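# Geometric and topological summary
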Protein chains: 2
Amino acid sequence: MPDQPFLVAIDWGTSSLRAALLDADGHVRQERSLPRGILTVPAGEFPAVFAQAVAGWPAQPGTPCLMSGMVGSRQGWVEAPYCACPAGFADLADKLAWVRPQHIAIVPGLSCEHAEVPDVMRGEETQVFGAIDLLGLHEALVVLPGTHSKWVRVIGGRIESFSTFMTGEFYALLRQHSILARTMPADDGALNEAAFVRGIQHAARSANLLHAAFSARTLSLFEQLPSDALPSYLSGLVIGEELRSQPLQGNTAPVVIVGSNALTARYQIALKSHGVTAACIGSEATWRGLWALARHMKAIA
Amino acid sequence: MPDQPFLVAIDWGTSSLRAALLDADGHVRQERSLPRGILTVPAGEFPAVFAQAVAGWPAQPGTPCLMSGMVGSRQGWVEAPYCACPAGFADLADKLAWVRPQHIAIVPGLSCEHAEVPDVMRGEETQVFGAIDLLGLHEALVVLPGTHSKWVRVIGGRIESFSTFMTGEFYALLRQHSILARTMPADDGALNEAAFVRGIQHAARSANLLHAAFSARTLSLFEQLPSDALPSYLSGLVIGEELRSQPLQGNTAPVVIVGSNALTARYQIALKSHGVTAACIGSEATWRGLWALARHMKAIA
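Each value, and the rule that gives it
- Residues numbered from 1 in each chain as written.
- Chains lettered and ligands numbered in written order.
- Predicted model: local features only at pLDDT ≥ 70, side-chain atom pairs only at ≥ 80, totals over all residues.
- Heavy atoms only, no water.
- Helix = DSSP H or I, 4+ residues; strand = E, 2+ residues; numbered from the N terminus.
- Rg over C-alpha atoms; globule rule 2.2 N^0.38 Å.
- Contact = heavy atoms within 4.5 Å.
- Areas by Shrake-Rupley, 256 points an atom, 1.4 Å probe, with all protein chains shown as cover.
- Lys, Arg positive; Asp, Glu negative; His and termini not counted.
- Charge placed at Lys NZ, Arg CZ, Asp CG, Glu CD.
- Least-squares fit on C-alpha atoms with pLDDT ≥ 70 in both.
- Pairing = 2+ DSSP bridges.
- Buried area = accessible area lost by both parts, 1.4 Å probe.
- Salt bridge = Lys/Arg side-chain N within 4 Å of Asp/Glu carboxyl O.
- Polar contact = N/O pair within 3.5 Å; in protein donor to acceptor, adjacent residues only side chain to side chain.
- Nonpolar A, V, L, I, M, F, W, Y, C, P; charged D, E, K, R; others polar.
- Buried < 20%, exposed > 50% of the residue type's maximum accessible area, 1.4 Å probe, protein only.
- Right-handed = clockwise from strand over helix to strand, strands pointing away.
- Core = buried A, V, L, I, M, F, W, Y, C linked by side-chain atoms within 4.5 Å.
- Axes fitted to C-alpha atoms, helices over the stretch in contact; angles between N-to-C directions.
- Expected span 1.5 Å × (residues − 1).
- Disulfide = S-S within 2.5 Å.

With that settled, the discussion passes to the overall build of chain A. A count of helices and strands for chain A gives 10 helices and 14 strands. The C-alpha atoms of chain A give a radius of gyration of 21 Å, which matches the 19 Å a tight globule of 301 residues would have. Seen through its C-alpha atoms, chain A measures out along the principal axes to roughly 65 × 40 × 40 Å. Long-range pairs, those at least 24 residues apart, make up 65% of the contacts in chain A with a sequence separation of at least 6. Put simply, chain A shows about 12300 Å² of open surface, and 51% of that area lies on carbon and sulfur atoms. Each charge class in chain A can be summarised by its mean position, and for the 22 positive and 26 negative side chains these summaries are 2 Å apart.

Quick look at the structure:
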């Protein structure tokens, strides 16, 4: 029955919920966004929000549903314990947290450890598997920019390890609450590419961001950078700090950026200034990851 | 006339004002603090606040007065243009900004340049000269911890160069406004030394603070660090990030920390964990710096 929906896919994060109805070939038949991130959902009301997200869709009552993201955290619908790296598709399928047996399940997040300190992700694992499936890759260095950026090493089709960088959050803190905010205009989101690249270059030759960030103040004080260029310059400083600690020189695997257009564009420019060319994948990565996982489960069922 | 006051010394910063009446030997005869940092003083009202700061003191109308700090900035009483490094006592004396000729003057801040980007200080130059005078040093690596920490290289009794690190401000941003703040108790200012050292050590082996800061979240999530230890741990991460970028290994000059007791104690512990012993100087550094400058001017007058 090729016309039957194959999967309800849900990307349920902290601040928003996105749902899609997918065909057997992974094609998105319906898509919907709700401002109902898990922080807005009181315990016990997840089923009602779920029903609202898929209301009116031509899915059979038993159509499988896979969800990824913070919905599997302790504050979510059902906790899906972290799966330790290295981890592949099969490991995620083994560790699904079932909300309703054989019907609705949550993909577990991943954990790994560096220097005896744990690191975690929830949702990005699904995007990574979706992205490498879309690109036909088994080896990759995948970067998922955001509030908490993830750098993910894929080896043999599995997620070997990853690291989190609080880049987006540091930018927002400096942009909104620091002394640097005082001389910056409201951010219209537009990118001043020259100022952005100048920030990346200054980050690359500075001791660290604690020092480099002060240059946004002094360049303004000495009128060497107009105030409307400061947000882009600061963005370059922070993203530049993230990039320069990555193993880009020794890396031979394809580099893939997964994220929104605005962010992937910035990371492409930043990587280019380090001599690295990267492929970009957008929000389709999540749908592809959940679809590939559903197909994998169907194959082993 | 040894009983005549020699100098009115004023440390006038962004958020507070400290004044002292000094004898010819540098002894503090009177001392006073007012919550009248320059941000609280409208243009034109500096003379009135100054009069309030020294009211009732047994100084002759013509007793010299030297001020240091943000009072010399564009938003201060009179702008004292930055003096370029390398700079010594004589350079500061040459560049004093006179509020009233031969009577009240403001010590200029210093500027230097790294990789074509300027760096600046106002007030710390006076503390550095005071500290090396108190300790009888001509070579030193001086650290002035704070909202914007300064690392200052003294060679041949002059300030050769310096770098600013926004350490205190980053700590406050992360402590008050970041996702890490959600799991932290109110900060009582007490130091959990074990957690602080753990933070310093984790900073030393992390890619950078963008990554290391996330460990405050995961260690809490995995219940590997109690929430009341998190503020000290975070303090260790941020100060550790500042320290590890310093040229401590190749340094042969004495290391001096100038600041409040609470901060110098933290930096002493942090430096010790890098194998470095440091001398500590408190608020007397400013008075000594202004006194030494006044004495220098008297000698050349």
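Two copies of a chain can be linked by a rotation about an axis combined with a shift along that same axis. Rotating chain A by 180 degrees and moving it 0.0 Å along the rotation axis overlays it on chain B with an RMSD of 0.0 Å. Read as a symmetry element, the transformation amounts to a two-fold axis. Among all residues of chain A, the minimum C-alpha distance to the rotation axis is found for Leu173(A), at 3.2 Å. Looking at chain A, 100% of its interface residues are interface residues in chain B too, so the copies touch through the same face.

Here we come to the sheet that holds strand 5 (residues 83-84) of chain A. All names here are of chain A. With mixed pairing, the three strands of this open sheet are ordered in space as 5-8-9. The open sheet terminates on both sides in strands that have one partner only, identified here as strand 5 and strand 9 (117-121). Here five bridges tie strand 8 (residues 110-114) to strand 9, and the two strands are oriented antiparallel to one another. Within strand 9, the residue paired with Ser-111 across the bridge is Val-120.

A few words on the interface of chain A and chain B. Contacts between chain A and chain B engage 46 residues on the former and 46 residues on the latter. Of the roughly 4000 Å² buried where chain A meets chain B, counting both sides, 72% is carbon and sulfur surface. Counting the contacts that link chain A with chain B gives zero salt bridges. Scanning the region where chain A abuts chain B turns up 13 residue pairs in polar contact (both at pLDDT 80 or more). Listing elements by their share of the side of chain A that touches chain B, those giving two or more residues are strand 9, strand 12 (158-165), helix 4 (167-177), helix 5 (193-205), helix 6 (209-212), helix 7 (215-221) and helix 8 (230-244) of chain A. Its residues assigned to classes, the side of chain A that touches chain B comprises 22 nonpolar, 14 polar and 10 charged.

Turning next to the environment of Glu193(A). Residue and element names in this part refer to chain A. Looking at where Glu-193 falls in the secondary structure, it is placed in helix 5. Judged by relative accessible area, Glu-193 falls into the partly exposed class, the value being 45%. Measuring from C-alpha to C-alpha, the distance between Glu-193 and Ala-229 comes to 9.2 Å, with 36 residues separating the pair along the chain.

Moving on, we get to the pairing of strand 14 (residues 278-281) of chain B. Residues and elements named next belong to chain B. The sheet contact formed by strand 13 (residues 255-258) and strand 14 spans four bridges and is parallel. From the neighbouring strand, Ile-257 faces strand 14, where its bridge partner is Cys-280. The parallel pair strand 13 and strand 14, bridged by helix 9 (residues 261-272), forms a crossover whose chirality is right-handed.

If you look at the biggest cluster of nonpolar residues, it comprises 84 residues, and the most contacted ones within it are Phe170(A), Leu180(A), Leu271(A), Phe170(B), Leu180(B) and Leu271(B). Sequence-distant contacts of Phe170(B), that is, excluding residues within four places in its chain, are made with Phe170(A), Leu174(A), Leu209(A), Leu210(A), Ala213(A), Leu209(B) and Val238(B). Of all hydrophobic cores here, the second largest spans 40 residues; its members include Ala20(A), Val107(A), Met121(A) and Ala292(A).

The strands that make up a sheet are held in pairs by hydrogen bonds between backbone atoms, and each pair lies either parallel or antiparallel. Residues and elements named next belong to chain A. With mixed pairing, the six strands of this open sheet are ordered in space as 3-2-1-4-7-6. Edge positions in the sheet fall to strand 3 (28-34) and strand 6 (97-100), since each has one partner strand and no second. Direction aside, the axes of adjacent strands within the sheet are offset by 20 degrees on average. Where strand 2 (residues 17-22) meets strand 3, six bridges bridge the pair, whose relative direction is antiparallel. Bridge assignment links Arg-18 to a residue of strand 3, and that residue is Ser-33.

Over its 12 residues, helix 9 of chain B runs 16 Å from end to end, which matches the ideal 16 Å to within 8%, given 1.5 Å per residue. All of the buried residues along helix 9 of chain B are Thr264(B), Arg266(B), Tyr267(B), Ile269(B), Ala270(B) and Leu271(B).

Attention now goes to the state of the cysteines. Throughout this description, disulfide means a covalent bond between two cysteine sulfur atoms. Summed over all chains, the structure comprises zero disulfides over all chains. The thiol of Cys65(B) is not disulfide-bonded; the next cysteine sulfur, from Cys83(B), is found 20 Å away.

Throughout the structure, instances matching the rule amount to 14 salt bridges over all chains. The shortest N-O distance in the salt bridge between Arg244(B) and Glu241(B) comes to 3.1 Å. Residue Arg244(B) and its partner Glu241(B) are both found in helix 8 (residues 230-244); the two are separated by three residues, about one turn of the helix. Overall, the relative accessible area of 2% leaves Glu241(B) in the buried class. In the salt-bridge network here, residues are joined through shared partners; they are Asp11(A), Arg18(A) and Glu31(A).

Another aspect to go through is the pairing of strand 1 (residues 7-12) of chain A. All names here are of chain A. Burial within strand 1 is extensive, with five of its six residues counted as buried. Bridging between strand 1 and strand 2 involves six bridges; their strand directions are antiparallel. By the bridge assignment, Val-8 is partnered in strand 2 with Leu-21. Hairpin remark: strand 1 followed by strand 2, antiparallel, with four residues in the connecting loop. In this sheet, strand 4 (residues 65-68) lies alongside strand 1 in parallel orientation, the contact comprising four bridges. Each residue of the ladder has a partner; that of Val-8, found in strand 4, is Cys-65.

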